[in-house]
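An overview of the molecular structure
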Amino acid sequence: MNDLALKILNGDPRSIARLITLTENNDPQAPKIMKNIHPHTGKAHVIGITGVMGSGKSTLICELTREYRKQGKKVGIIAIDPTSPFSGGALLGDRVRMTDLAMDNGVFIRSMGTRGMLGGLASAVYDVVEILDASGKDIVMVETVGVGQAEVDVIKIADTTLVVVVPGLGDSIQTLKAGIMEIADIYVVNKADRPGVEQTVAEVQSLVDISCSGKDRKTPVLITVAKENKGTKELVDEINKHILFLKKTKQFEDKRRLRYEAELVEIIRKRLMNLIFDEKKLEDTIERLLDQISRKEVDPYAAAEEVLGKILK
Ligand SMILES: Nc1nc2c(ncn2[C@@H]2O[C@H](COP(=O)(O)OP(=O)(O)OP(=O)(O)O)[C@@H](O)[C@H]2O)c(=O)[nH]1
Ligand SMILES: [Mg+2]
């Protein structure tokens with residue numbers, strides 16, 4: 001067993017950070033170490049947290065982390081494309097309250113600026129989940145900002161997906177209707193200290209009633225004030241109930257399989273993209289083909305054939 005892999009299995013934060021950096025940089029050493037740690041993964045409960053910008057996702061994650069730590073659980077946190085990283089931004093005012101988490105060896109926090117080249121989650125995100133899992137984290141939380149492909153993809157990585165909405169934002173309900181309605185395992189109406197909370201809860205509840213009619217589980221709607229740590233303990237209870245539901249109905253294995261499928265596709269896609277774009281020879285070919293397509297001498301399908309022919313020969 002590789003020395004770095006051993007240290008990661010023992011939860012050493014510096015080694016965890018080192019392997020994450022290696023995977024982010026596509027270092028050729030990384031796959032070998034990932035192979036060493038893979039047999040030690042699968043224990044962590046992965047929770048995806050998504051929702052509109054500024055809805056309180058990071059604040060909620062901090063409070064959930066404190067709750068989990070009280071219960072003796074170790075926690076990993078991944079923020080993808082954060083507009084306000086955990087170390088600063090909107091959370092600057094909360095920095096004193098954050099310090100306890102940053103100093104805690106049972107908590108590992110990582111922000112990642114990477115997105116997949118063709119949309120979706122970058123393969124490094126899957127690696128970081130595996131690394132944190134292997135390092136003994138009982139809970140891994142993944143935060144994605146805004147609403148787009150990454151939010152939909154977060155369900156492929158998460159066992160439990162939380163969708164956070166806030167009162168007085170008609171937009172967020174529209175968004176739910178538009179596409180991410182199906183992804184929530186639990187809805188969280190945060191900032192319940194603000195006016196309009198009853199209306200928002202009623203709106204979300206009516207969406208749940210429509211989308212869950214006839215299903216064996218109704219998506220719960222929880223109300224929180226993350227800033228005042230209200231409702232977070234109840235949220236932890238609901239998250240635990242969800243994982244029990246998954247295990248009882250055998251949907252747990254399906255979810256895990258979905259994650260591995262997404263990861264496998266992403267790794268293959270990355271390798272293929274590297275084949276196409278890393279080699280100087282192909283770069284020239286692609287430049288020439290782009291000129292020819294512009295001049296209508298070649299059509300895009302024929303150009304793709306030529307590029308693939310060079311890769312597969
Ligand atoms: N009034 C109120 N403010 C809150 C609550 N929860 C969080 N906030 C505040 O909302 C702001 C945004 O919180 P964040 O936790 O950074 O929100 P976020 O969803 O992570 O934001 P992005 O990562 O930028 O999308 C901060 O100023 C928080 O203090 C709440 O329950 N009530
Ligand atoms: Mg945030």
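On a predicted model such as this, the values are computed, not experimentally measured, just so you know.

1. Structural notes on the confidence of the model for the chain
Overall, the prediction assigns the chain a mean pLDDT of 85, with 84% of residues at 70 or greater. Predicted confidence for residues 88–96 stays below pLDDT 50, and this span has nine contacts to residues more than four positions away or in other chains.

2. Here's the deal with the sheet that holds strand E7 (residues 221–223)
Here seven strands make up an open sheet; going across it, the order is E3-E2-E4-E1-E5-E6-E7 and the pairing parallel. Strands with a single pairing partner mark the edges of an open sheet, and in this sheet they are strand E3 (107–112) and E7. Sheet twist, expressed as the mean angle between neighbouring strand axes with direction ignored, is 20 degrees. Here strand E6 (residues 186–189) runs beside E7; their pairing, made up of three bridges, is parallel. If you follow Val-188 over to E7, its bridge partner there is Leu-222. Here helix H6 (residues 123–134) sits on the sheet in contact with strand E1 (45–51), strand E2 (75–80), E3 and strand E4 (139–144), set at roughly 175 degrees to E3.

3. Section: the pairing of E1
The buried fraction of E1 is high, at seven of seven residues. Side chains His-45, Ile-47, Ile-49 and Gly-51 project from E1 onto one buried face, and the interleaved Val-46, Gly-48 and Thr-50 project onto a second face that is buried too. Where E1 meets E4, five bridges bridge the pair, whose relative direction is parallel. Bridge assignment links His-45 to a residue of E4, and that residue is Ile-139. Examined bridge by bridge, E1 and strand E5 (residues 160–165) share five bridges and lie parallel to one another. Residue pairing across strands places Ile-49 opposite Leu-162, the latter belonging to E5.

4. Observations concerning the packing of helix H4 (residues 57–70) against helix H10 (residues 232–248)
If you want to describe how two helices pack, look at the angle between their axes and the distance between the axes. As a packed pair, H4 and H10 sit with axes 9 Å apart at the nearest point and diverge in direction by 70 degrees. Here H10 runs roughly perpendicular to H4, going by the angle between their axes. On H10, the residues that touch Glu-63, Leu-64, Glu-67 and Tyr-68 of H4 are Thr-232, Lys-233, Leu-235 and Val-236. Its residues assigned to classes, the contact of H4 with H10 shows four nonpolar, one polar and three charged.

5. Considerations on the nonpolar core
Met-141, Val-142 and Tyr-187 are the most contacted members of the largest nonpolar core, which has 64 residues in total. Counting residues per element, this core draws most heavily on H6, at eight residues. Beyond its immediate stretch of four places on either side in the chain, Met-141 contacts Ile-47, Ile-49, Ile-61, Leu-64, Val-75 and Ile-77.

6. Description of the environment of Ala-17
When you line up the elements, Ala-17 lands in helix H2 (residues 13–24). With 114 residues separating them in the primary sequence, Ala-17 and Ile-131 have C-alpha atoms 9.4 Å apart.

7. With respect to H2
Every α-helix carries 3.6 residues per turn, so stepping three or four residues along brings you back to the same face. With 12 residues, H2 extends 17 Å from end C-alpha to end C-alpha; this agrees with the ideal 16 Å at 1.5 Å per step. For H2, every residue scored as buried is listed here: Ser-15, Ile-16, Leu-19, Ile-20, Leu-22 and Thr-23. In an axial view of H2, the angular spread of the buried residues amounts to 160 degrees, which keeps them on one side of the axis. Looking at the buried side of H2, the elements it contacts are helix H1 (3–9), helix H3 (30–37), E3 and H6. Looking one or two places after H2, you find Asn-26, whose phi comes out positive at around 55 degrees.

8. Let's talk about the environment of Ile-61
For Ile-61, the location among the structural elements is in helix H4. The sequence separation of Ile-61 and Glu-143 amounts to 82 residues, and the corresponding C-alpha distance is 8.4 Å.

Conventions and cut-offs
Residues numbered from 1 in each chain as written. Chains lettered and ligands numbered in written order. Predicted model: local features only at pLDDT ≥ 70, side-chain atom pairs only at ≥ 80, totals over all residues. pLDDT = per-residue confidence, 0-100. Contact = placed C-beta atoms within 7 Å. Pairing = 2+ DSSP bridges. Helix = DSSP H or I, 4+ residues; strand = E, 2+ residues; numbered from the N terminus. Axes fitted to C-alpha atoms, helices over the stretch in contact; angles between N-to-C directions. Buried ≥ 20, exposed ≤ 12 C-beta atoms within 10 Å, placed from the backbone. Parallel < 35°, antiparallel > 145°, perpendicular 65-115°, else oblique. Nonpolar A, V, L, I, M, F, W, Y, C, P; charged D, E, K, R; others polar. Core = buried A, V, L, I, M, F, W, Y, C linked by C-beta atoms within 7 Å. Expected span 1.5 Å × (residues − 1). Arc of directions from axis to C-beta.

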